[in-house]
Amino acid sequence: MSKESQYPAVLKANELSFNDISIKIKSAIEYIKTKWITVLLISLLGAIVGLAYAIYKKATYTAVCTFVLEESGKGGGLGQYAGLASLAGINVGNGGSDGIFQGDNILELYRSRTMIEKTLLSEVSIDGQKQLLINRYIKANELREKWKSKKNTSNITFSGDPEKFNRTQDSIITDLVEYFNKRVLTVAKPDKKLSIIRVSVVVNDELFAKEFTNALVENVNTFYTQTKTKKEHQNVSILQHQADSVKKALNASITGVASALDAAPNANPLLTSLKVPSQKRQIDVQASSAIYAEVVKNLELAKVSLRQETPLIQVIDKPVLPLTKNFIGKIKGLTLGFILGFIFIFILLIVGSLFKKQAAK
């Protein structure tokens, strides 16, 4: 059989299949028309449900804080001093970015239990009243009402040292941390190529959203900076202590020289032994001076390293009242409910019709 003779058969098969589909669609539409009362009732029911959801669903507020994080300098002018300082056993930093806070690790720090717990236990002033953020959140979400069925939760408080919290307190905080990470808190970089970080908090309490966001950003950024520069701070503290100690010894040596000279103001030049005490003191002064000069030089290098390793965190935008309000209006709830109800009953009727036809065969 030639190829030309095969084409009509193929076209005929395709035509039959298209006709079948067209017939089935028309049949489905006719079937839906016979059930228009059911379709209308279910669609109206969906509209009522959508309206009820819009009325009872609490509005949420979004607090956003963006800031830019500039890591410490990488080398630069400090490198020429590093070798000199290392001779004295001083670590002034290598100017690199090695450490636990490389790349996007600061994003995970925002999601950590330690930071969220510390922020929830922070005391803030809202409407002129000082209160813990965790108490504000519990009250706004009526969590105590939900806890009535649980033991030892009706009068629970979160004041005091977190290290001394009992099992129930720790369990509640753990649940809140998990919930915040899943539903409330979002931390991300809008653009992977940039160093801008965006922190977003979505809750049903506008003032809580604002205060929690500000407190979280402050806590995390402070912890990040302190941890990033901890080694350099230790170097500066040690060198400062050494400088103070050497300076004290130098002052004592200078006083000793003066005292030795005062003890023999008109010493006989022939009696050289009278000059020994003052000469010894002068040697101590010279030695202490040389040591003090070296320690001070290393101290200044360590301070340069500390400034070099301190990251720059500059807040770009803070949450400002009024916050962005997220809610479903009544008209939108009605419309969406009606559409969803119609789609639901339409699919249900079509599937039911197909099953009936299949069973009839």
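Definitions and limits used
Residues numbered from 1 in each chain as written. Predicted model: local features only at pLDDT ≥ 70, side-chain atom pairs only at ≥ 80, totals over all residues. Heavy atoms only, no water. Salt bridge = Lys/Arg side-chain N within 4 Å of Asp/Glu carboxyl O. Helix = DSSP H or I, 4+ residues; strand = E, 2+ residues; numbered from the N terminus. Buried < 20%, exposed > 50% of the residue type's maximum accessible area, 1.4 Å probe, protein only. Expected span 1.5 Å × (residues − 1). Arc of directions from axis to C-beta. Phe/Tyr/Trp six-rings, centres within 6.5 Å; stacked < 30°, edge-to-face > 60°. pLDDT = per-residue confidence, 0-100. Contact = heavy atoms within 4.5 Å. Core = buried A, V, L, I, M, F, W, Y, C linked by side-chain atoms within 4.5 Å.

A.B. asks: I'd like a description of the pattern of salt bridges, backed by residues and values.
C.D. replies: Scanning the entire structure with this criterion turns up 6 salt bridges. Across the pair Glu108 and Arg111 runs a salt bridge whose closest N-O atoms are separated by 2.7 Å. Of this pair, Glu108 and Arg111 both sit in helix α4 (residues 105-111), 3 residues apart, roughly one helical turn. Glu294 is paired through a salt bridge with Lys297; the nearest N and O atoms lie 3.3 Å apart. Here Lys297 and Glu294 lie together in helix α11 (residues 276-309), a separation of 3 residues that amounts to about one turn. For Glu294, a relative accessible area of 33% translates into the label partly exposed. Looking at Lys297, the relative accessible area reads 35%, which means it is partly exposed.

A.B. asks: Got a sec to walk through helix α2 (residues 36-56)? Specific residues and values, please.
C.D. replies: Relative to the 30 Å expected for 21 residues at 1.5 Å per residue, α2 spans 30 Å between its end C-alpha atoms, a close match to the ideal helical length. Listed as buried for α2 are Val39, Ser43, Gly46, Ala47, Gly50 and Ala54. Taken end-on, α2 shows its buried residues confined to a sector of 100 degrees, consistent with a single buried face. Of the exposed residues in α2, the ones pointing more than 90 degrees away from its buried face are Leu41, Ile48, Val49 and Tyr56.

A.B. asks: Outline the packing of aromatic side chains, listing residues and values.
C.D. replies: Counted under the stated rule, the structure contains 8 aromatic pairs. An angle of 45 degrees between the planes, with centres 5.3 Å apart, marks the rings of Tyr137 and Phe208 as tilted. Remark: Phe208 occurs in helix α9 (residues 206-228) and Tyr137 occurs in helix α6 (residues 133-140); sequence separation between them is 71 residues. By the ring-pair criterion, three or more aromatic residues cluster together here, those being Tyr137, Phe180, Phe208 and Phe212.

A.B. asks: Just give me the short version of the confidence of the model for the protein chain, but keep the residues and values in it.
C.D. replies: Looking at the protein chain, pLDDT values average 79 and 75% of them are 70 or higher. Element-level pLDDT for the protein chain is lowest in helix α3 (residues 79-87), with a mean of 48, against a maximum mean of 95 in helix α5 (residues 113-120). Note on residues 74-81: pLDDT is under 50 here. Beyond four places in sequence and across chains, it has 11 contacts. Across residues 94-100 the pLDDT falls below 50, and counting only partners more than four positions away or on other chains, this stretch makes 11 contacts in the model.

A.B. asks: Which residues make up the nonpolar core, and what values do they have?
C.D. replies: Among soluble globular proteins, nonpolar side chains are generally buried collectively. Grouped together as the largest cluster of nonpolar side chains are 46 residues, with contacts concentrated most on Tyr110, Ile134, Phe158, Val199 and Phe212. Tallying contributions element by element places α9 first for this core, with 8 residues. If we skip the residues at most four places from it in the chain, Val199 touches Ala63, Val64, Cys65, Phe67, Tyr110, Leu185, Thr186, Val187, Thr213, Leu216 and Val217.

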